[in-house]
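Residue strings, one per chain:
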Amino acid sequence: MGVSNIPIKIEGLTKRFGKVMAVDRIDLVIQQGEFLVLLGPSGCGKTTLLRCIAGLEEPDEGKIVIGENTVFFAERGIAVPPGERQVGMVFQSYALWPHMTAYENIAFGLKLKKMAREKIPGRVAQVLRDLGMEGLEDRYPFELSGGQQQRVALARLLATKPPVFLMDEPLSNLDARLRLDMRSELKRLHHDSGATTVYVTHDQTEALTMATRVAVMNEGRIQQVGAPSEIYQKPMKLFVAEFIGMPRINLLSAQPVSTDGGLWFQVDDFRLPAAWLPSQEEVILAIRPEDISILLHSEPDTVEFKVYGVLPAGPEVFVHVVRGDVRLVVRETHQLELAMDQPIWVRIDPSAINLYNKASGQLMSNEGGDKG
Amino acid sequence: MSLEIVSSGLRSGSAERWLNYLRRRAKSPEFIIALLLVVALSFLVLVPVFNLTSRTLSWTESDARISPDAVPGRFTLNHWQRLLFGRLFMRMLWEPLSHTLVTGGIAAGIALLLGSMLAWLVTRTNLPGRGWLRSVLYLPFIIPAFALAIAWETLFKSPLAGGRPGVFQSLFGVVPPTWLSYGPVPIIITMIVHFYPFAFILVSGALVAVDAQLEEGARLLGASNWMIIRKIIFPMITPALLSAFVLTFGRTVGTFAIPYFLGGPVRYDTLSTMIFRNLSMGLDVNGYILAIILILLTSLVLYLNSRLLGGSSRRFEIIGGKGFKTNITSLGQWRWPIFLLVGAFTLIAVVLPIGLLAYQSLMLVDGCWELDNLTLHYWLGRVDPDLAFGSPGLFRNAVVLGGAWNSIRLAVLGSFICAMLGVLIGYFVVRNSRSWISRFLDQVSFLPFLFPAIAFGAMYLSMFAVQRGPIPALYGTFTLLVLVSVIHRLPYSTRTGASAVAQIGQELEETAELQGASWLKRFYHIVLPLARSGVVSGMMLTFIGIMRELAAIILLYTPSTRVLMTVAYRFAEEDIPQLSNALILLVTVITILGQLVVWRLGQGRLARLQERKL
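Remember, predicted model here, so these are calculated numbers, not experimental data.

Enquirer: I'd like to hear about the overall build of chain B, residue by residue, with values.
Expert: A count of helices and strands for chain B gives 26 helices and zero strands. By the compact-globule yardstick of 25 Å for 614 residues, chain B fits well, its C-alpha radius of gyration being 26 Å. The C-alpha extent of chain B, read off along each of the three principal axes, is 90 × 80 × 50 Å. For chain B, the proportion of its 614 residues judged to be buried stands at 43%. Looking at chain B alone, contacts between residues at least 24 apart form 74% of all its contacts between residues at least 6 apart.

Enquirer: Tell me what's going on with the overall build of chain A, and back it up with residues and numbers.
Expert: When helices and strands are counted, chain A shows eight helices and 22 strands. Dimensions of chain A along its principal axes, counting C-alpha atoms only, are 80 × 50 × 35 Å. Counting every position in chain A, which comprises 372 residues, the buried fraction comes to 38%. Summarising the internal contacts of chain A: among those between residues at least 6 apart in sequence, 63% fall at separations of at least 24.

Enquirer: So what's going on with the interface of chain A and chain B? Residues and values would help.
Expert: The partner chain B presents 29 residues to the 29 residues of chain A that form the contact. Only strand 6 (78-79), strand 7 (87-90) and helix 2 (102-112) of chain A provide two or more residues apiece to the side of chain A that touches chain B. Of the residues assigned to the side of chain A that touches chain B, the class counts are 16 nonpolar, seven polar and six charged.

Enquirer: How would you sum up the sheet that holds strand 3 (residues 35-39) of chain A? Please name residues and give values.
Expert: Residues and elements named next belong to chain A. Strand order in the open sheet formed by six strands is 7-8-9-3-10-11, with mixed pairing between adjacent strands. Every other strand in the sheet has two partners, leaving strand 7 and strand 11 (221-226) as the edge strands with one partner each. Going across the sheet, the axis of each strand differs from the next one's by a mean of 20°, ignoring polarity. Pairing of strand 3 with strand 10 (residues 213-218), which is carried by four bridges, proceeds in the parallel orientation. Counted as the bridge partner of valine 37 is valine 214 from strand 10.

Enquirer: Pulling in residues and values, what's your account of unusual backbone geometry?
Expert: Going from methionine 246 of chain A to proline 247 of chain A, the amide bond is cis rather than trans, its omega being 0°. Considering the arrangement of structural elements, one finds proline 247 of chain A in the loop between helix 8 (238-243) and strand 12 (250-259). Residues other than glycine seldom take positive phi values, yet aspartate 341 of chain A does so here, at roughly 70°. Looking at the secondary structure, you find aspartate 341 of chain A in the loop between strand 19 (326-332) and strand 20 (343-348). Phi angles above zero are rare outside glycine, and arginine 267 of chain B is one such case at about 55°.

Enquirer: How would you explain helix 17 (residues 335-361) of chain B if you had to name every residue and give the values?
Expert: Residue and element names in this part refer to chain B. Taking 1.5 Å per residue, 27 residues should reach 39 Å; helix 17 reaches 38 Å between its end C-alpha atoms and fits that length. The largest bend in helix 17 is about 45°, located at valine 351, with the proline proline 353 one to four residues further on. Residues of helix 17 that are buried: Val342, Ala349, Pro353, Leu356, Leu357, Gln360 and Ser361.

Enquirer: Any details on the confidence of the model for chain B? Residues and values, ideally.
Expert: All names here are of chain B. Confidence in the prediction for chain B averages 82 pLDDT; 92% of positions are at 70 or higher. Confidence scores differ between elements of chain B, with helix 1 (residues 3-12) showing the lowest mean pLDDT of 56 and helix 23 (residues 506-514) the highest of 93. Confidence drops under a pLDDT of 50 for residues 311-323, and excluding neighbours within four residues, the segment shows 15 contacts in the predicted structure. Residue range residues 610-614 is modelled with pLDDT below 50. Its contacts to residues more than four positions away, or to other chains, number nine contacts. If you check the scores for this complex, the pTM reads 0.81 and the ipTM reads 0.84.

Enquirer: Hey, could you go over the sheet that holds strand 18 (residues 316-323) of chain A for me, with residue numbers and the actual values?
Expert: All names here are of chain A. Taken in spatial order, the five strands of this open sheet run 16-20-17-18-19, and their pairing is antiparallel. Of all strands in the sheet, those bounded by a partner on one side alone are strand 16 (292-295) and strand 19. Pairwise comparison of adjacent strand axes, ignoring direction, gives a mean angle of 45° for this sheet. Bridge count for strand 17 (residues 303-313) against strand 20 is four bridges, and the pairing is antiparallel. What sits directly across from glutamate 304, in strand 20, is tryptophan 345.

Enquirer: Could you give an account of the pairing of strand 19 of chain A, naming the residues involved and the relevant values?
Expert: Residues and elements named next belong to chain A. Where strand 18 meets strand 19, seven bridges bridge the pair, whose relative direction is antiparallel. Across the sheet, residue valine 322 finds its bridge partner in strand 19, namely arginine 327. Counting the residues in the hairpin turn of strand 18 and strand 19 gives two residues, including glycine 324, whose phi is positive at 60°.

Enquirer: Tell me about the nonpolar core, and please be specific about residues and values.
Expert: Core analysis: the biggest nonpolar cluster contains 260 residues, and Ile275, Ala291, Ala458 and Leu583 of chain B have the highest contact counts within it. Top contributing element to this core by residue count: helix 11 (residues 184-209) of chain B, with 15 residues. Counting contributing residues per domain, this core is built from domain 1 (8-243) and domain 2 (250-364) of chain A, each supplying no fewer than three.

Enquirer: Help me get a handle on the pairing of strand 18 of chain A, residues and values and all.
Expert: All names here are of chain A. In this structure, strand 17 lies alongside strand 18, joined through seven bridges in antiparallel fashion. Bridge assignment links lysine 306 to a residue of strand 18, and that residue is valine 322. Linkage of strand 17 to strand 18, two consecutive antiparallel strands, is achieved through a turn of two residues, within which glycine 314 is found at a positive phi near 70°.

Enquirer: Could you give an account of the packing of helix 5 (residues 78-85) of chain B against helix 6 (residues 89-124) of chain B, with specific residues and numbers?
Expert: Residue and element names in this part refer to chain B. Between helix 5 and helix 6, the shortest axis-to-axis distance is 7 Å and the interhelical angle comes to 75°. Relative to helix 6, the element helix 5 lies roughly perpendicular. For the pair helix 5 and helix 6, the contacting residues are Leu83, Leu84 and Phe85 in the first and Phe89, Met92 and Leu93 in the second. Across the contact of helix 5 with helix 6, the residue classes break down as six nonpolar, no polar and no charged.

Enquirer: Describe the domain arrangement of chain A, with residues and values.
Expert: Interface size, as often reported, equals the accessible area lost upon joining of the parts. All names here are of chain A. Domain assignment breaks chain A into domain 1 (8-243) and domain 2 (250-364). Of note, the centres of domain 1 and domain 2, computed from C-alpha atoms alone, are 40 Å apart. A per-class count over the side of domain 1 that touches domain 2 returns five nonpolar, no polar and two charged.

Enquirer: How would you sum up the packing of helix 15 (residues 271-280) of chain B against helix 21 (residues 453-464) of chain B? Please name residues and give values.
Expert: Between two packed helices, both the angle of their axes relative to each other and the distance between the axes serve to describe the pair. All names here are of chain B. One way to put it is that helix 15 packs onto helix 21 with a least axis distance of 9 Å and a crossing angle of 30°. The angle between helix 15 and helix 21 places the two elements in the roughly parallel class. Of the two possible hands of crossing, helix 15 and helix 21 adopt the one that is left-handed. Taken together, the residues of helix 21 that come into contact with helix 15 (itself represented by Ser272, Ile275, Phe276 and Leu279) are Ile454, Ala455, Ala458 and Leu461. Considering only residue class, the contact of helix 15 with helix 21 consists of seven nonpolar, one polar and no charged.

Enquirer: Pulling in residues and values, what's your account of the environment of proline 68 of chain B?
Expert: All names here are of chain B. Along the polypeptide, proline 68 turns up in the loop between helix 4 (61-66) and helix 5. Owing to 7 C-beta atoms within 10 Å, proline 68 belongs among the exposed residues under this scheme. For the pair proline 68 and threonine 494, spaced 426 residues apart in sequence, the C-alpha to C-alpha distance is 48 Å.

Enquirer: I'd like a description of the confidence of the model for chain A, backed by residues and values.
Expert: Per-residue confidence for chain A averages 90 on the pLDDT scale, and 97% of its residues sit at or above 70. Of all helices and strands in chain A, the one with the weakest mean pLDDT is strand 13 (residues 262-267) of chain A (87), whereas strand 3 of chain A scores best (96).

The rules we used
- Each chain has its residues counted from 1, following the order in which its sequence is written.
- Ligands are numbered from 1 and chains lettered from A, in the order in which they are written.
- The predicted origin of the model limits local features to residues at a pLDDT of at least 70 and limits the giving and counting of side-chain atom pairs to 80 or more, whereas totals for whole chains, interfaces and linings rest on all residues.
- Helix and strand assignments come from DSSP, with helices taken as H or I runs of at least 4 residues and strands as E runs of at least 2, each series counted from the N terminus.
- Radius of gyration here is computed from C-alpha atoms only, and the compact-globule reference equals 2.2 Å multiplied by the residue count raised to the power 0.38.
- To assign burial, the other C-beta atoms lying within 10 Å of each residue's own C-beta are counted, with C-beta atoms placed from the backbone; 20 or more indicates buried, 12 or fewer indicates exposed, and intermediate counts indicate partly exposed.
- Contact criterion: two residues are in contact if their C-beta atoms, reconstructed from the backbone, are within 7 Å.
- Here the nonpolar group is Ala, Val, Leu, Ile, Met, Phe, Trp, Tyr, Cys and Pro; Asp, Glu, Lys and Arg are the charged ones; every other residue, Gly included, is treated as polar.
- In this analysis, strands are considered paired if DSSP registers two or more bridges between them.
- Geometry is summarised by axes, namely lines fitted to C-alpha atoms with helices restricted to the contacting stretch, and by angles between N-to-C directions that run from 0 to 180 degrees.
- Helices are assigned an expected span. That span is 1.5 Å times one less than the residue count.
- Bend at a given residue is defined as the angle between two axes, one fitted to the seven residues that end at that position and one fitted to the seven that begin there.
- Looking at any residue, its pLDDT shows the predictor's confidence there, from 0 to 100.
- Each nonpolar core consists of buried Ala, Val, Leu, Ile, Met, Phe, Trp, Tyr and Cys residues. Their C-beta atoms, within 7 Å, join them into a set.
- Where each domain starts and ends comes from a domain assignment, either automatic or drawn from a database.
- When an angle is under 35 degrees it counts as roughly parallel; over 145 it counts as roughly antiparallel; between 65 and 115 it counts as roughly perpendicular; any other value is oblique.
- Take the far helix as your reference; a near helix turned counterclockwise from it by less than a right angle gives a left-handed crossing, and one turned clockwise gives a right-handed crossing.

Rendered as structure tokens:
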């Protein structure tokens, strides 16, 4: 389709609701044509940020530039109304007007844009066709299934060809299977239209599968922005490490120990081999479940644990192991016959461990000091 | 409008930010309309109250003739002092006040008892016919209080009031005792009949809301029915019961027609009738002071109510048919006897008054209750100099027809304007509820709820009687009646409008906004169509309310602006009971028909709402 697309620049954006800082001095550049996902737990400010871009909320400070237009600039009192920002939006609830047919829902925006009357039916038919919804123009929303309603909402978005798509958890109301199907549909849509897309979700799997870049948010601040793989492999902050990953990452409190035999991390009553040691006295180790292996016999550099629970999940199995106060979740892809309370040995690849500063929660690297 | 933006603009001292902000505001139709509403409500609600109060606190021209200190317009506490501490106190204030409290209190108490019992029977037992009984039992509330008062008078008329014998006297040949004909006893009884439906609705709502599972838990543990009522249900609905009492009391305190017709002949006055007397006699300031006291009393009552329910109580819920599953207690062998009792009660409370009115309207010679005395003259007859002082029958009577035309005009115009205002104000109250405009509109649109109808009339009389500065003299105009009717019903239409708008998800409007629709387009294409059915029901109720209103306009009407109810009132005063009864009957029938339409609409709307659910 090749629609023009435009970048979005956000500077120093702040929005308060009473005493609560919903959006706290956010700086973000969204490249033209990218699919940026705002990811975070409830209340982190992602929806507020999206609504500020749309113009549905008026921020207290900051600047938003969409394409060439400064649509918001607090200092100079500029706030362009939503209808003039060249953005289209899909809501979680679809927000289809219940007293209008699918056709009328889609045509509404076209009429407002003063499209020639004869051209409107053609355009409506085209977007419905693109979404596989021919023949449903005259249905009312209550006559459509959830998935169909969502497609009408998307058709409504596409009809006016905005260069920016904003989506607020559009898949949350669908059942699990439909959700998975729609993810690839949306990716397809993004590819075909080329529009700059900002997408809000609390589902990290959705974020990782769909985004070109993910911005992880918490308490109104952006914790990290990057490609999905980057966010997953090298989370910069403890919060991001904990939030991303299903099941969640294993976190251990450890003291670095240096002996003649090598470098170790002292955890509780056992030691793990270390690739390098930081200068702090105490650090947090972060280990993904898939970076731990379970062995049935003792071997060098392994630690004995006890099986706490086994959760087979189709192609993989999650094993919860325990030793004293320390609990680990392990993901294994080959079949293991394990019994409750069975002793097993755990091996962790030292290079797969991410170290976090206990005080600041920042990722540490062995170039000396913390990673920014 | 965000105060934070304003204040941060001031802090950063950026003139440009401020200016651009104001410029945006000035161009936004949403803001302009909201501001206009604020101005309108200030003028129509706040200013009259202020005016009323200030009139009681300043010297009038007539005072200047009596007292040498009086400087017209200057501040004085003299009026209040005279009423509270002077010799007027007993007759003008204390007696009416105590009568108001006594009759209101007793009536509310018994109405509550009656209403609660009926509520329990209808919602929680297997009483036969309880489906339609619920509607029928509500009727005495719809019948104008005027009608009930007249019906009682018809039964127990006494020579004290002049005129011909009532039913009692005709049947038994003796004059009924005065305490039975007029005074506190008939007032209380009539009030009970008129207001028990109010308590009935409130208590029904509370009973229906009791979660069946709470009782089932107790039942599983072996509790008996009686124990469940005592220990579980009763404590749960006690706040609702107290609230029902307080709200019913609040209503009884403000009634006018009942104490006027049934207390007047024996000079038994309540605050509301005393207000009327003072204002009819030209003792305006006294009337205004009493009106303020009445308003304070009602406000106190409502304040008590909100304390009982812990806030937000003014959004008291009339039955919404929530459809919770409730446990049904079987009445066993008492089923049919109780049904007969309730049926008998319904006959007395509903059928009897209407029947009496109808019968009397057909009597050629008042006082003669024989069947051969019946005639349709008062309905359809032409002029007969011997009858009714020459007034023709209802449907040929120019005065009546003029009144009917005025009533219809008033009700249609008033209900339409009220509904539009209600949905607009409701819109601003619901959307952007944090702004000062929204809170102002919310509070001020509710204020008229505190003013009993007669006090309303007094207020508007005080404000518009003569030209004062930019305020025109509207006394005697149809416009004034429309204004009063609209503002009087504004609390209800605002609540209806707000709830209709609240059903419309904000996102539905936001999507339109994103598509580029202006506020006006959004309101017209999205909000109004979706709010329509809720607003229409509200409009019907307002229509009915205006049709049967007497107290609010009794001080404000003139021969050219008379409406059906005031015509009926005049016929009653002139002692033409047949005509006044016929007219009251007509209004009652219209009112009941209107209510039936509302109920039908409500069912239709529910069905359509289910359809529309996403």
